[in-house]
Every structure is written in C-alpha cells, then in structure tokens.
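Commentary on secondary and tertiary structure
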Amino acid sequence: ILNVEQSPQSLHVQEGDSTNFTCSFPSSNFYALHWYRWETAKSPEALFVMTLNGDEKKKGRISATLNTKEGYSYLYIKGSQPEDSATYLCASPASNDYKLSFGAGTTVTVRA
Amino acid sequence: ETGVTQTPRHLVMGMTNKKSLKCEQHLGHNAMYWYKQSAKKPLELMFVYNFKEQTENNSVPSRFSPECPNSSHLFLHLHTLQPEDSALYLCASSQEAGQGSYEQYFGPGTRLTVT
C-alpha cells in the first residue's frame, strides 16, 4: 500500500475562476497515476490514467500534469462551473500492481 | 443497463442479521473489486476477483464473505457485523486485474448502517 496524499482537503471556488490541487505519491517504482471525479450520490468516474513523466491530459476544462521524478500530479479546472463541484480522488498502484492506493480526496465546491 | 450497478443503495441491519450486497457490471470486464469507505478515510480495497478467482483479501474480517459466481456478478455476504462496519461499500470493475494502468469503473455504492 502506497502513501498517497492530496491537498488541500477542500476548497471553495467562485464560478468562472480557475483552480488547481495536488496529489503526492512515492516517486520510486512509479507505474501509474489515476484521477477520479466523485459527485455526491453518484459513482466515482475515471478522469485520467497517466503513466509517463511530463504527461499532460485534458478533458474539457479539466487537465492534469504528472511529475514522476518528484512524485506529484496537479489537477486543473479552468473556468469552474457549479457542475464541477465534486470530490476529486487520485490513486496509484505499487509498481505494476492492480491494487490502487487512494488519497483522501480534494472536495471542490463551486459557488455561483 | 450500462456500467456498474449495486443493490441495495441503502441498508440498515442489526448485528445479528445476515444480508448480502450485490454488484453487477455490464462492461464485459474480467476483474471486480470491493472497496470500503469509512467516514473521513480514503477508499480501502477489500477483495479482488480476476476471471472469477479471488486474488486479494486485504486482511478483511471473516464476517465479510465475498462471492463471484461469474465475471459479471459480485456479492458481499455480511453476518454478525459490528457498528464500526458502518460505511459506504463500493464495487468496481476493470478490464482485468494485473495492470495498474487499467481504469476502474465504480458503482454508486451501498450505504450500510449497522445498529
């Protein structure tokens, strides 16, 4: 089991503003980094799976970067909308292992 | 139906009851997972089945008993639970277990309360 940490635990964003938050993971034996979005009363939904150092992925207004050498990933939300309100989880497996270790999540609340 | 479904969505049971949680995936995946999320804690892996074979039991107490009759269905049988077992239980599936880069698809969870 890996020590995966996310910060901040929660944040409030004004509609239209952009924001970002961090996932930290052990850089040794890195294999993959997952991001999931979890809206209240719904299922966690996969956003990205990233494997290469320097990788950048984008889905609509949400993007993510990956630094495997220093062990962190940033998730960015551009022009936040109320529908972006959710808890964002990151997870990483130990080496090539299917067992994901999850962070505690960053809960984003977008205020209209 | 599509995706991963779980029933029931909410369950209240006494400590002497026996109940079962059901998960079904319609994605053609070969791996299925049970996770537990207690209040203020990260998702915690409980069991993994890959091609119907259990490949992981993450030191889960025997009062939780999983069953995977086929690649599409997963059950979690519950008996003589404790109040501290109250949590959200999530089911997930992936193409197969063995690759840490396969994204997992989650169900909406069962909110379990043990009284």
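As a starting point, this report considers the structure included with it. (Residues numbered from 1 in each chain as written. Chains lettered and ligands numbered in written order. Predicted model: local features only at pLDDT ≥ 70, side-chain atom pairs only at ≥ 80, totals over all residues. Heavy atoms only, no water.)

All names here are of chain A. In the structure shown here, the tally under the stated rule is twelve aromatic pairs over all chains. Ring geometry for Tyr36 and Phe102: centres 5.9 Å apart, planes at 45 degrees, overall tilted. With Tyr36 in strand S4 (residues 33–38) and Phe102 in strand S10 (residues 100–102), the pair connects residues that are 66 residues apart, well separated along the chain. A single burial state applies to Tyr36 and to Phe102, both of which are buried. (Phe/Tyr/Trp six-rings, centres within 6.5 Å; stacked < 30°, edge-to-face > 60°. Helix = DSSP H or I, 4+ residues; strand = E, 2+ residues; numbered from the N terminus. Buried < 20%, exposed > 50% of the residue type's maximum accessible area, 1.4 Å probe, protein only.)

Once that is clear, we can look at the environment of Pro44 of chain A. Within the secondary structure, Pro44 of chain A is located in the loop between S4 and strand S5 (45–50). For Pro44 of chain A, a relative accessible area of 5% puts it in the buried group. In this structure the C-alpha to C-alpha distance between Pro44 of chain A and Thr87 of chain A, which are 43 residues apart in sequence, comes to 8.8 Å. With residues up to four places along the chain from it excluded, the contact list for Pro44 of chain A reads Arg37 and Trp38 of chain A together with Leu90, Phe106 and Gly107 of chain B. (Contact = heavy atoms within 4.5 Å.)

Our next topic: the state of the cysteines. Applying the stated criterion to the full structure yields two disulfides over all chains. Between the sulfur atoms of Cys23 of chain A and its disulfide mate Cys90 of chain A the distance is 2.0 Å. Disulfide Cys23 of chain A to Cys90 of chain A: torsion about the S-S bond roughly 80 degrees, handedness right-handed. Highlighted residues: Cys23 of chain A in strand S3 (residues 19–24) and Cys90 of chain A in strand S9 (residues 86–93), separated in sequence by 67 residues. A single burial state applies to Cys23 of chain A and to Cys90 of chain A, both of which are buried. Between Cys23 of chain B and Cys91 of chain B runs a disulfide, and the two sulfur atoms are separated by 1.9 Å. Disulfide Cys23 of chain B to Cys91 of chain B: torsion about the S-S bond roughly -70 degrees, handedness left-handed. Of this pair, Cys23 of chain B sits in strand S3 (residues 18–25) while Cys91 of chain B sits in strand S9 (residues 87–94), and the two are 68 residues apart along the sequence. Of the residues examined, Cys91 of chain B reaches a relative accessible area of 0% and is grouped as buried. No disulfide involves Cys68 of chain B; its nearest neighbouring cysteine sulfur is the one of Cys91 of chain B, lying 9.1 Å away. (Disulfide = S-S within 2.5 Å.)

All names here are of chain A. For the coordinates displayed, the defined rule picks out five salt bridges over all chains. Between Glu45 and Arg37 there is a salt bridge whose closest N-O contact spans 3.5 Å. Exposure remark for Arg37: the relative accessible area of 15% places this residue in the buried category. Across the pair Lys42 and Glu39 runs a salt bridge, and its minimum N-O distance is 3.8 Å. On the accessibility criterion, Lys42 (46% relative accessible area) is partly exposed. (Salt bridge = Lys/Arg side-chain N within 4 Å of Asp/Glu carboxyl O.)

Bringing unusual backbone geometry into the picture now. The omega angle of the peptide bond from Ser7 of chain A to Pro8 of chain A is -5 degrees, so this bond is cis rather than trans. The residue Pro8 of chain A is located in the loop between strand S1 (5–7) and strand S2 (10–14) in this model. Residue Pro8 of chain B follows Thr7 of chain B across a cis peptide bond; omega there is -10 degrees. Its place among the elements puts Pro8 of chain B in the loop between strand S1 (4–7) and strand S2 (10–13). The backbone of Asn29 of chain A shows a phi angle near 55 degrees, a positive value even though the residue is not glycine.

Limitation: the analysis is restricted to geometry and does not speak to function.
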